[in-house]
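# Results of the structural survey
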Amino acid sequence: MGKTLAEKVWDAHVVRRGEGAEPDLLYIDLHLVHEVTSPQAFDGLRLAGRKVRRPDLTIATEDHNVPTTGIDLPIADPVSRTQVETLRKNCQEFGIRLHPMGDDEQGIVHVIGPQLGLTQPGMTVVCGDSHTSTHGAFGAMAFGIGTSEVEHVLATQTLPLRPFKTMAINVSGKLRPGVTAKDIILAVIAKIGTGGGQGYVLEYRGEAIEALSMEARMTICNMSIEAGARAGMIAPDATTFEYLKGRPHAPQGADWDKALEDWRQLRTDDDAVFDAEVELNADELTPFVTWGTNPGQGLPLSERVPNPADFADETERLAAEKALAYMDLEPGTPLRDIKVDTVFLGSCTNGRIEDLRAAADVLAGHKVADGVRMLVVPGSMRVRKAAEEEGLDKVFTEAGAEWRAAGCSMCLGMNPDQLKPGERSASTSNRNFEGRQGKGGRTHLVSPLVAAATAVRGTLSSPEDL
Amino acid sequence: MEPFSKHTGVGVPLRRSNVDTDQIIPAVYLKRVTRTGFEDGLFAAWRGDESFVLNQEPFRNGSVLVAGPDFGTGSSREHAVWALMDYGFRVVISSRFADIFRGNAGKQGLVTAQCTQADVEQLWKLLENEPGAEVTVDLSEKTVQCKDFVTTFDIDDYTRWRLLEGLDDIALTLRHEDAISAFEATRPSYKPVTIAR
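Residues numbered from 1 in each chain as written. Chains lettered and ligands numbered in written order. Predicted model: local features only at pLDDT ≥ 70, side-chain atom pairs only at ≥ 80, totals over all residues. Heavy atoms only, no water.

If you walk through the whole model with that rule in mind, you get 2 cavities of 30 Å³ or more. Reported here for the largest cavity is a volume of approximately 230 Å³. As for the largest cavity, its lining consists of 24 residues, of which A:His64, A:Asp129, A:His131, A:Leu412 and A:Arg436 are closest to the centre. Classifying every residue of the lining of the largest cavity by side-chain character gives 8 nonpolar, 12 polar and 4 charged. Taken domain by domain, the lining of the largest cavity gets at least three of its residues from each of domain 1 (5-161) and domain 3 (297-465) of chain A. Roughly 120 Å³ of volume is contained in the second largest cavity. Taken together, 17 residues make up the lining of the second largest cavity; nearest its centre are A:Ile225, A:Gly228, B:Thr73, B:Gly74 and B:Ala98. Of the residues that constitute the lining of the second largest cavity, the class distribution is 6 nonpolar, 7 polar and 4 charged. (1 Å grid on protein atoms, 1.4 Å probe; cavity = no way out; pocket = protein on both sides within 12 Å on 5 of 7 lines; lining within 4 Å. Points joined across faces, edges and corners; volume = space filled by probe spheres on them. Nonpolar A, V, L, I, M, F, W, Y, C, P; charged D, E, K, R; others polar. Domains from an automatic or database assignment.)

Here it is in structure tokens:
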């Protein structure tokens, strides 16, 4: 029997097969590090007198805590500053390459890996961050780990793991104009639920997936974790190779040819069998938004806020009641009538150049509505520079949006960019959890196109409403 | 890591599904660089509410959390496990755990006992009818007991063995250092490095 893409990558990294209940020992090709989930891991190494086994397979950046304005000044919050300074000290002590605040290559960890060409097909990639699944867009096996595992990878460059089950997400058909990768993944999560992918690695396949750019594929793989899956993958193809070619860390010359030969084998065999399969038709998709407090609580923008009484499952009904109370929404309200205070364009989900281009296209010639604040936060300083070279920053600032420096920003309430209690956002990020964007803040997850249209109208909208 | 075999403590019914790690500990509490002291961030948003279960007297000193399905979804932050343990929890019971949370718990000695949702409902009823009732979790037997109610739970055998023995993963892996070096020697030359060696 043939193998799936995930099984091929797994098998190529087994250092040692586990016996009986014992897990396999898996080799890790690339370890991404940031300031939040690493300090206790470095401390653990020091306590045990251990070194970093492969600093040359490790790279660090500052993203979660960093402010996105005044980046030439010291970080105002002393606790955030300590965490960032701790990372700097640790990287120096253990010999790890770091892209600190202000550096040309600084940015969100999941934006800079692909951008530098460090994320390549067939690799294993880990980071102490659940959105590491992003890198699966290149046909890599990439997943988030906890701090104990960060320490384990630093010390051994391996992880003991049991193989994941495999799930195919088959997306047939063709996306209509105005419908994006974000709408695909929000629809997938609404369909299989936030626990639907638990224990699985998802492989996104089919005509609609093959037609996507690398940026769009990253958006999809990024939110695999919101469906409960640690990893999501897409088989590498000409689009992948085109993206990689010439990047700073991409193979060159004879190495490029050898790499291509290997990468072309990274496809699920025709006779391989998935443990589960899910079907989705891209033709039927429309812009999708969330109404609740978990990413599975989403609906097409044309729908209304659901009535909890309509949920057959008691757990889901209870969850919907709590979500509507938190979100301060009435059942039956058209989603298009929901007013927002803030629009956030950015994050590891939608902070890449293509996302900025798409939003700028919608915003051009319009103004951000009165009473609405729009934050545009590039995923990396490179993305910021590229956008400025194209004049996108002008489009945003002329529309009345704020043009910021790179970081995780308002995706999570950890830096100065936060919602105030009771404020409501349309956000291109990945989590609408209670308080995720700031204590008491309310989040609607949307695509960059919906974010831009919403900024103009002040209520949840798609570009066709303009 | 302390070995874990059996634990008895006050059960805490948490009637919520999809308790994500942002609820267990909001990001603003993740800025510390130490490994202890995270108990103040545990369920921070909910603890401001007088009616929240951990603000009720007999539950305040709980050590066995009984939660709804999909516990620990979201962010990979191990701080969620540290916060639960720093507060005093030794066991979480749920019908479904998020993968990363479950992995993190296993590294730190927090037992994630997976029961059926029917068993969780039964435990909720018992704990709500008699606040302060104790729950006994026996890892070697894989059983949960509360009053006269006894049921079994699932946990993978390898994690169970490590928890029973209190073993450190890194030391276990380093027994295979030769195999790691041998594997490294076979890596293709085109694979990237972040710095020149």
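Here the narrative resumes, following the displayed structure.
Together, A:Glu207, A:Glu210, A:Asp283 and A:Glu284 give the surface a local cluster of negative charge. Take A:Asp283: it is sitting in the loop between β12 (276-281) and β13 (288-290). (Patch = residues over 30% accessible without salt bridge, like charges linked within 9 Å, V, L, I, M, F, W, Y side chains within 5 Å. Areas by Shrake-Rupley, 256 points an atom, 1.4 Å probe, with all protein chains shown as cover. Salt bridge = Lys/Arg side-chain N within 4 Å of Asp/Glu carboxyl O. Lys, Arg positive; Asp, Glu negative; His and termini not counted. Charge placed at Lys NZ, Arg CZ, Asp CG, Glu CD. Helix = DSSP H or I, 4+ residues; strand = E, 2+ residues; numbered from the N terminus.)

With 61 residues of chain B at the contact, the number on the chain A side is 82 residues. Across the interface of chain B and chain A, roughly 5800 Å² is buried in total on both sides, 55% from carbon and sulfur atoms. The three residues of chain B that bury the most area against chain A are B:Lys31, B:Tyr190 and B:Thr194, which together make up 15% of that side's buried surface. On inspection of chain B and its partner chain A, the count reaches 10 salt bridges. Its salt-bridge partner being B:Lys31, residue A:Asp77 comes within 2.6 Å of it at the nearest N-O pair. Remark: the boundary between chain B and chain A carries 42 residue pairs in polar contact (both at pLDDT 80 or more). For the side of chain B that touches chain A, the element with the highest residue contribution is helix α9 (residues 177-184) of chain B, accounting for 6 residues. Of the residues in the side of chain B that touches chain A, the class split is 22 nonpolar, 17 polar and 22 charged. (Contact = heavy atoms within 4.5 Å. Buried area = accessible area lost by both parts, 1.4 Å probe. Polar contact = N/O pair within 3.5 Å; in protein donor to acceptor, adjacent residues only side chain to side chain.)

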